[in-house]
Amino acid sequence: MSQHGVGPRAVTRSVAFLTAGVLAVPALAGCGSDDPSGKPLAGQDIQPAPRDRISDGGTLRWAVDSVPDTLNTFQSDADATTSRVAQAVLPSMFRMDASGRPERNADYLESAEIVDTEPKQVVLYKLNQQAVWSDGREIGAADFAAQWRALSGKDTAYWTARNAGYDRIQKIERGDNALEVRVTFSRPYADWRSLFSPLYPKDVMGTPDSFNDGARKKLQVTAGPFTVKEVDRKDERITLARNARWWGEPAKLSEIELRTVPRDKRAAELAAGTLDLAEIDPVAARRITVAARPHGSASALMGPGADRSAADSLRSWAVANGSDEDAADEETLARKKLRKAAAKAARRQQALSGFEVRKSLEPAYTQLALNGAEGPLTDERVRRAVARALDREELAEAVLKPLGLPAVPVGSHLALSGQAAYADNSGALGGQDTKEAQALLADAGWVRGGPVEEQKKKEKAAGSEGDKADAGSREASDGDGTGAEDNKAHRGPDPAEHLAHDGKQYKPHQGGAPGAYAPRGTAAPANQETAPLAKNGKPLTLRFVLPSGPGSQSLRTVADRISRMLERVGIGTEISKVSDESYFKDHIASGQYDLALYSWPATAFPATDARPVYAKPVPAADGSLNVEQNYTRVGTDQVDQLFDEAVSTLDEEESRSLIRKADSRIWAAAGSIPLFQRPQLLAARKNLVNTGAFGFATPVYEDMGFLKKGAKPASGPSAKGSSAP
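(A) Representation of the overall build of the protein within the structure. If you tally the helices and strands in the protein, you get 18 helices and 23 strands. Looking at the 725 residues of the protein, the share that counts as buried comes to 49%. Long-range contacts, defined here as pairs at least 24 residues apart, represent 73% of the contacts in the protein between residues at least 6 apart. Accessible surface for the protein amounts to roughly 32,900 Å². Of this, 48% is attributable to carbon and sulfur atoms.

(B) Quick look at helix H17 (residues 637-647). Buried residues dominate H17, accounting for eight of its eleven residues. Here H17 has its buried residues at Val639, Asp640, Gln641, Leu642, Phe643, Asp644, Ala646 and Val647. In this fold, the buried residues of H17 make contact with helix H15 (606-609), helix H16 (611-614) and helix H18 (652-669).

(C) Main features of the sheet that holds strand S4 (residues 109-116). Read from one edge to the other, the open sheet built from four strands follows the order S4-S5-S7-S6, with strand pairing classed as antiparallel. Only two strands of the sheet have a single neighbouring strand rather than two, namely S4 and strand S6 (169-174). Strand-to-strand, the axes of this sheet are offset by a mean angle of 15 degrees, without reference to chain direction. By the bridge criterion, six bridges tie S4 to strand S5 (residues 122-127) in an arrangement that is antiparallel. Residue Ser111 lies in a different strand from S5, and its bridge partner there is Lys126. Those strands touched by helix H2 (residues 141-151) are S5, S6 and strand S7 (180-185), and its axis lies near 160 degrees from that of S6.

(D) Looking closely at the confidence of the model for the protein. Here the protein averages 84 in pLDDT, while 80% of its residues score no lower than 70. Between residues 1-33, whose pLDDT stays under 50, and residues either more than four places distant or in other chains, the model counts 79 contacts.

(E) Region of interest: the environment of Leu682. Its place among the elements puts Leu682 in strand S21 (residues 672-685). C-alpha separation for the pair Leu682 and Ala285, spaced 397 residues apart in sequence, amounts to 7.9 Å. Filtering out sequence-adjacent residues up to four positions away, Leu682 remains in contact with Leu277, Ala278, Glu279, Ile280, Glu356, Val357, Arg358, Gly692 and Ala693.

(F) Structural view of the pattern of salt bridges. Counted by the stated rule, this structure contains 29 salt bridges. Asp703 is paired through a salt bridge with Arg51; the nearest N and O atoms lie 2.9 Å apart. One end of the pair, Asp703, is in the loop between strand S22 (688-689) and strand S23 (705-706); the other, Arg51, is in the segment before strand S1 (59-64), and 652 residues separate them in sequence. For Asp703, a relative accessible area of 0% corresponds to the buried category. Accessibility expressed as a relative area gives 14% for Arg51, which makes it buried. Of the charged contacts in the structure, one is a salt bridge between Lys616 and Asp637, with a shortest N-O distance of 3.5 Å. With Lys616 in the loop between H16 and strand S19 (618-619) and Asp637 in helix H17, the pair connects residues that are 21 residues apart, well separated along the chain. Judged by relative accessible area, Lys616 falls into the partly exposed class, the value being 31%. Taken together, the shared-partner salt bridges in this structure form one network comprising Asp65, Arg263, Arg266 and Glu279.

(G) Representation of the packing of H17 against H18. Here H17 crosses H18 at 165 degrees, and the two axes come no closer than 8 Å. Classified by the angle their axes make, H17 and H18 are roughly antiparallel. At the point where H17 passes H18, the crossing takes the left-handed sense. Where H17 abuts H18, its residues Gln638, Val639, Leu642, Phe643, Glu645 and Ala646 lie against Ser655, Leu658, Ile659, Lys661, Ala662, Arg665 and Ile666. Split by residue class, the contact of H17 with H18 holds eight nonpolar, two polar and three charged.

(H) Representation of unusual backbone geometry. Residue Pro119 is reached from Glu118 by a cis peptide bond, and omega for that bond is 0 degrees. Turning to its location among the elements, Pro119 is positioned in the loop between S4 and S5. Each neighbour pair has its own omega, and for Ser197 with Pro198 the value is 5 degrees, a cis peptide bond. Considering the arrangement of structural elements, one finds Pro198 in the loop between S7 and helix H3 (202-205). The residue Arg633 is not glycine, and still its phi comes out positive at about 60 degrees. Structurally, Arg633 is set in the loop between strand S20 (625-626) and H17. Taking relative accessible area as the criterion, Arg633 reaches 15% and is therefore assigned buried.

(I) Structural context of the packing of aromatic side chains. Taken as a whole and judged by the stated rule, the model has 18 aromatic pairs. For the pair Tyr125 and Trp192, a centre-to-centre distance of 6.3 Å together with 80 degrees between the ring planes defines the contact as edge-to-face. Linking Tyr125 in strand S5 with Trp192 in the loop between S7 and H3, this pair joins segments that are 67 residues apart in sequence. A connected cluster of aromatic rings, assembled from ring pairs, spans Phe74, Phe94, Tyr125, Phe144, Tyr166, Trp192, Phe196 and Tyr200.

(J) Up close: the pairing of S7. Within S7, five of the six residues are buried, which leaves it mostly tucked inside the rest of the structure. As paired elements, S6 and S7 share five bridges and run antiparallel to each other. Each bridged residue has a counterpart across the sheet, and for Ile169 the counterpart in S7 is Phe185. Linking S6 to S7, which pair antiparallel, is a turn of five residues.

(K) Quick look at the nonpolar core. In terms of nonpolar packing, the biggest core is built from 103 residues, with Met93, Tyr125, Phe196, Leu240 and Tyr614 touching the most fellow members. The dominant element in this core, judged by the number of residues it contributes, is H2, at seven residues.

Definitions and limits used
Residues numbered from 1 in each chain as written. Predicted model: local features only at pLDDT ≥ 70, side-chain atom pairs only at ≥ 80, totals over all residues. Heavy atoms only, no water. Helix = DSSP H or I, 4+ residues; strand = E, 2+ residues; numbered from the N terminus. Buried < 20%, exposed > 50% of the residue type's maximum accessible area, 1.4 Å probe, protein only. Contact = heavy atoms within 4.5 Å. Areas by Shrake-Rupley, 256 points an atom, 1.4 Å probe, with all protein chains shown as cover. Pairing = 2+ DSSP bridges. Axes fitted to C-alpha atoms, helices over the stretch in contact; angles between N-to-C directions. pLDDT = per-residue confidence, 0-100. Salt bridge = Lys/Arg side-chain N within 4 Å of Asp/Glu carboxyl O. Parallel < 35°, antiparallel > 145°, perpendicular 65-115°, else oblique. Left-handed = near helix turned anticlockwise from the far one by under 90°. Nonpolar A, V, L, I, M, F, W, Y, C, P; charged D, E, K, R; others polar. Phe/Tyr/Trp six-rings, centres within 6.5 Å; stacked < 30°, edge-to-face > 60°. Core = buried A, V, L, I, M, F, W, Y, C linked by side-chain atoms within 4.5 Å.

Given below as structure tokens:
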């Protein structure tokens, strides 16, 4: 897991084990079932086809978000495209199956297993005897050893982003022959399957200079079904070419072109015929779905003028043919422009009919993060109240149901349904319960309709530092004209707004009881059931920071629903919209928020990857707080201990049990609330097979391609892909 949501491995800090017996973790929700992991909520949607039905050759034009700054996945500025290139051109000892579990990659490994546990853990890798680098050299122990030394953390000259797992290796040596690699660990490591995926050649890992710079702009030596042919930063594209030295099933495609295309431009690029595959948003998905309907059914729904009524059309015709020549000329010109625009839209829509939407659930989930470092959310009771106010099923349905995807709330911070470590541990916190939320807030000292001191312009507001919150509001206003003032509705009713707003003067009836009517302009008593909460003269108002970009509409929709749910229990929110570029760096990572929505990728190795995300923050030498990737700043010693035990336990069942107990503790602390698995929507050319919405599974790049003329796809999975439920 990384702060940008890309690349699951993360740098972990060294923490001493707590003494045995300090923590006795009770059996909490989700740990009692024989197999609580379940199945994936959605399977792959990749239009599977056997290889003999696929044409040899062709170029797949695939939209990506960017040409990465580096092709080295172990550097801090690696991104999703870095990982995609690595999957296609480099060895991985293990790959993910359709349930998000690691499986041996037979193209590189004959076997890999623990052969000794005493006195040290030893893993023996037996390599595929055909596995060679693109320069003809055999893949062997020298490559494993070079990667270990580079990522062990012992040599600071290597600019690495993570060393998790590699720092536990004691030595790497050749086995009985050149095809065997023996890895001896200094400490037991449960997640050993996470290592050497990807594996870089010793030419890259051998020296700090080659590691730091050698694989940033190019990869000269590779060992996958494709090689890196060209990295064109001017035209923002990477071209992968079929690897002539590949020993496995030869790639069906001649080339894969990864093109940088902004997400809001992808529908137009698809219609223009310059893309074959692109991840898209729900709006583009609807356009493509409509375009695929029988001819004529889309005309009333799409295109310029489609929303004009019959009366509007008749009125336009009348003006264009009327006696007022100037008005007629103007209307005639407008009608011509409309017809031209409609014809252009129809052509685009027709072009989109050659595509289809392939959908699944992404191996990532969206969460509500609660900043526990300052303000009201430092109180666990307030955090728990926020969580109990949420109807997570409603939020999941709002995002996933319109897309035809399973709308099931995520029940774990550390795995997703179908993965080995998954269990629904949300019972450790409890479900939606308005009364319980209100009781928690009352216990924390927040009173309905309590007195509120008048806030000075830059006075510290509840839940955030006043000057920082004020700056954030200004940034939001500068970006899109929307600041905190635009969201008063989410702060709870204001007693001062119970005045009459219709401009009339209300006078008491003659003969009424003395004192029965307040002077004109006096605020009516606030409804105690709907009045906002207050404490120490400050209202309970939380700053909800959101990205303002066009691709974040679904997040803003979810935030609006969350705000209404919180309002029902007396918690107000101030929505602060900030630019996409500053959202994570300047707000989430720096702690300038109370509430925020962002996603974490799933991982098959939570004991390693999730540790820095939920580790208890500790003071750094300079007095600052070292939060690693725990941007909620909420953590406990007990959770840290459970992670440490899980990663050092070689009994897989015991390790999973410890992970589930840690997850229950994370739920109980209420630092973050998992909401729903992210939708995965891809537009794919209809004759493009074995690619699309992969779900958990690692793509099989050599099986991707275009159907032969007249051939039809299969109903089952691709030849090497794992079937999904």
